[in-house]
Amino acid sequence: MAYSLKEILQKFDIEVEIQPYGDGHINDTYLAQSTPKYILQRINTNVFKRPDQVMENVLAVTEHLRKQIEKEGGDPLRETLMVVKTVDGENYLRDGDDCYRAYRFIEGASTYNLPESTEQMYHAAKAIGKFQKRLADFPAEQLHETIVQFHDTPNRVEQLKQAIRDNLAGRLDLVQAEIEFATEISKYASIITDAMESGEVPLRVTHNDTKLNNIMLDDVTGEGVCVIDLDTVMPGSLLYDYGDALRFGASSGPEDEKDLDKIYFVMPVYEAFTKGFLEEAGESMTEKEKELLPWSIVMMTYECGIRFLADYLNGDTYFKTHYPEQNLDRARTQFKLVKDQMEKLNLR
Ligand code: ADP
Ligand code: GN1
Ligand code: MG
């Protein structure tokens, strides 16, 4: 039996109307302007097949973070997500195939789709570094792999090949140039996975989705407050978090910019972010991790580009889209960035 919206709100004891909120590509997010405020989310169960496992991860990780923050004398209500239980004492609400959860709203902080200054990315880097540090002693084996082979770039190349073979949306003829580019760059796809297999790049607990709009920055000081969107916290490589943050934050324009002349890799942002990241994480990094930092930016950007392209070919079934060509526009910006990153970072 499906609950009505009113019943869902009652289950979380929310007595005000809610409004759609944020720019995430995956979940449906709503703001409840109650006192205190809440974020209500419908978890995308097409993407997350085991929402129970997602919530187990979120609970375990936020509990660990809360203890660390308290030890450091910080404010756990701002510095980590806090899950709000349902009136029945559950950590989330199941409604047939749908799942809902609520978080305390983090006050006095905002997320950004484009950095407003290089300093913002310096602060974002510090926040990611701090997040990783606080989780350094978290038992990684306790985490479920919420999306299998999430940042395994060769696996993403295979998924693109499958999408090309299937041509489900009949769009194959429209993307020949993009496929050619994706194929050319695929020779680099295993750079990170190879280094992980050889042990030169260790497995760590990582966030795996560190774009700027998943990092809350303080409205007054501009400093990092909280890393949010914990659905993909899994064992992974630090390179994923570093590279993905720069994929998004060191782009000169939005992910779906149509005018590719406006899209390039912003070197001062790259420099500011790298400085902040190394200040926090540098000491604990291996030589190979340091060596692969520039490559990780290219790999995360390429991987995201081929994921957008595959979704375009599959008929936009994974990422939320607001118009029919949006995934193609997104893939094109990522590929333009890959080209520019390789040139500016001297990679070949
Ligand atoms: P998605 O997985 O769809 O990206 P997110 O968890 O990132 O969903 O949430 C979408 C947006 O909602 C974020 O970018 C952020 O602006 C806002 N948001 C999410 N959780 C909170 C929170 N606890 N407090 C304040 N804002 C939040
Ligand atoms: C999605 O959920 P959101 O919008 O923060 C995606 C990321 C992509 C990103 C591209 C679970 O992130 O992997 O890098 O879009 N999340 C998932 O903007 O697939
Ligand atoms: Mg998000």
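Residues numbered from 1 in each chain as written. Chains lettered and ligands numbered in written order. Predicted model: local features only at pLDDT ≥ 70, side-chain atom pairs only at ≥ 80, totals over all residues. Heavy atoms only, no water.

## As for the site of ligand 2
Cut-off, in case you're wondering: Distances are taken per atom, and a residue is near a molecule or strand as soon as one of its heavy atoms is within 4 Å of it. Under the rule applied, a polar contact is a pair of N or O atoms within 3.5 Å (in protein, one hydrogen donor and one hydrogen acceptor; residues adjacent in sequence only if both atoms are side-chain atoms). In this description a helix means any DSSP run of H or I spanning at least four residues, a strand means any run of E spanning at least two, and both kinds are numbered starting from the N terminus. Just so you know the grouping, Ala, Val, Leu, Ile, Met, Phe, Trp, Tyr, Cys and Pro go in nonpolar, Asp, Glu, Lys and Arg go in charged, and all remaining residues, Gly too, go in polar.
Taken together, 18 residues are adjacent to ligand 2, and His-25, Lys-211, Glu-255, Arg-307 and Tyr-318 come closest. In the model, an oxygen atom of ligand 2 is placed 2.9 Å from a nitrogen or oxygen of the Asp-229 side chain. Within the side chain of Tyr-318, a nitrogen or oxygen atom sits 2.5 Å from an oxygen atom of ligand 2. Tallying contributions element by element places helix α11 (residues 293–314) first for the shell around ligand 2, with three residues. Grouping the amino acids of the shell around ligand 2 by side-chain chemistry returns eight nonpolar, four polar and six charged.

## As for the site of ligand 1
Here is the rule we go by: Using a 1.4 Å probe, the Shrake-Rupley method yields the accessible areas, and only the shown protein chains count as cover for residues.
Every one of the 20 residues lining ligand 1 counts as a neighbour, but Asn-27, Gln-41, Ile-106, Thr-111 and Asn-213 are closest to it. The contact in question runs from an oxygen atom of ligand 1 to an N or O atom on the backbone of Asn-27, over 2.9 Å. For ligand 1, whose unbound accessible area comes to 560 Å², protein coverage reaches 96%. Looking at the shell around ligand 1, the elements that each hand over two or more residues are β3 (38–43) and β6 (98–104). Among the residues making up the shell around ligand 1, the classes are represented as nine nonpolar, nine polar and two charged.

## Quick notes on the pairing of β6
For clarity, the threshold we go by: Only protein chains enter the accessibility calculation, which uses a 1.4 Å probe; a residue is then buried when its area is under 20% of its type maximum, exposed when over 50%, and partly exposed in between. We call two strands paired when DSSP finds no fewer than two bridges between them.
Among the seven residues of β6, five are classified as buried, and the element is accordingly described as predominantly covered. In terms of strand pairing, β3 meets β6 through six bridges, oriented antiparallel. Bridge pairing in β6 links Arg-42 to Tyr-100. Summarising the sheet, strand β4 (residues 83–84) and β6 pair through two bridges and their orientation is antiparallel. Following the sheet pairing, Val-84 is matched in β6 by Ala-102. Bridge analysis of strand β5 (residues 93–95) against β6 gives three bridges, and the strand direction is antiparallel. Bridge pairing in β6 links Asp-95 to Asp-98. What sits between β5 and β6 in their antiparallel hairpin is a turn of two residues, with Gly-96 showing a positive phi close to 65°.

## Concerning the pattern of salt bridges
Basically, it comes down to this: One speaks of a salt bridge when a side-chain nitrogen belonging to Lys or Arg is within 4 Å of a carboxyl oxygen belonging to Asp or Glu.
Taken as a whole and judged by the stated rule, the model has 26 salt bridges. Between Arg-348 and Glu-184 there is a salt bridge whose closest N-O contact spans 3.9 Å. With Arg-348 in the segment after α12 (326–344) and Glu-184 in helix α6 (residues 176–185), the pair connects residues that are 164 residues apart, well separated along the chain. For Arg-348, a relative accessible area of 64% puts it in the exposed group. Lys-344 is the salt-bridge partner of Asp-340, the closest N and O atoms lying 2.8 Å from each other. Of this pair, Asp-340 and Lys-344 both sit in helix α12, four residues apart, which is roughly one turn of that helix. Residue Lys-344 is classed as partly exposed on the basis of its relative accessible area, which comes to 33%. Taken together, the salt bridges that share partners define one network made up of Lys-126, Lys-133, Lys-275, Glu-279 and Glu-280.

## Side note on empty space enclosed by the protein
Operational definition: In this analysis a 1.4 Å probe is tested at points of a 1 Å grid over the protein atoms alone, and where it fits but cannot get out there is a cavity; an open set with protein on both sides within 12 Å along at least five of seven lines is a pocket; lining residues have an atom within 4 Å of a point. Grid points are joined across faces, edges and corners, and a volume is the space filled by probe spheres set on the points.
This structure, assessed with the given rule, holds one cavity of 30 Å³ or more. Volume-wise, the largest cavity comes out at about 40 Å³. Lining of the largest cavity is provided by Asn-113, Arg-247, Phe-248, Ser-251, Gly-253, Pro-254, Glu-255, Gln-334 and Leu-337. Residue assignment for the lining of the largest cavity shows that the elements contributing at least two residues are α8 (238–249) and α12. By residue class, the composition of the lining of the largest cavity is three nonpolar, four polar and two charged.

## Re the environment of Ile-306
In plain terms, the rule: Throughout, a contact is declared for two residues whenever any of their heavy atoms are within 4.5 Å.
Checked against the element boundaries, Ile-306 lands in helix α11. Relative accessible area serves as the criterion here: at 0%, Ile-306 is assigned to the buried category. With residues up to four places along the chain from it excluded, the contact list for Ile-306 reads Thr-153, Arg-156, Val-157, Leu-160, Ala-182 and Phe-335.

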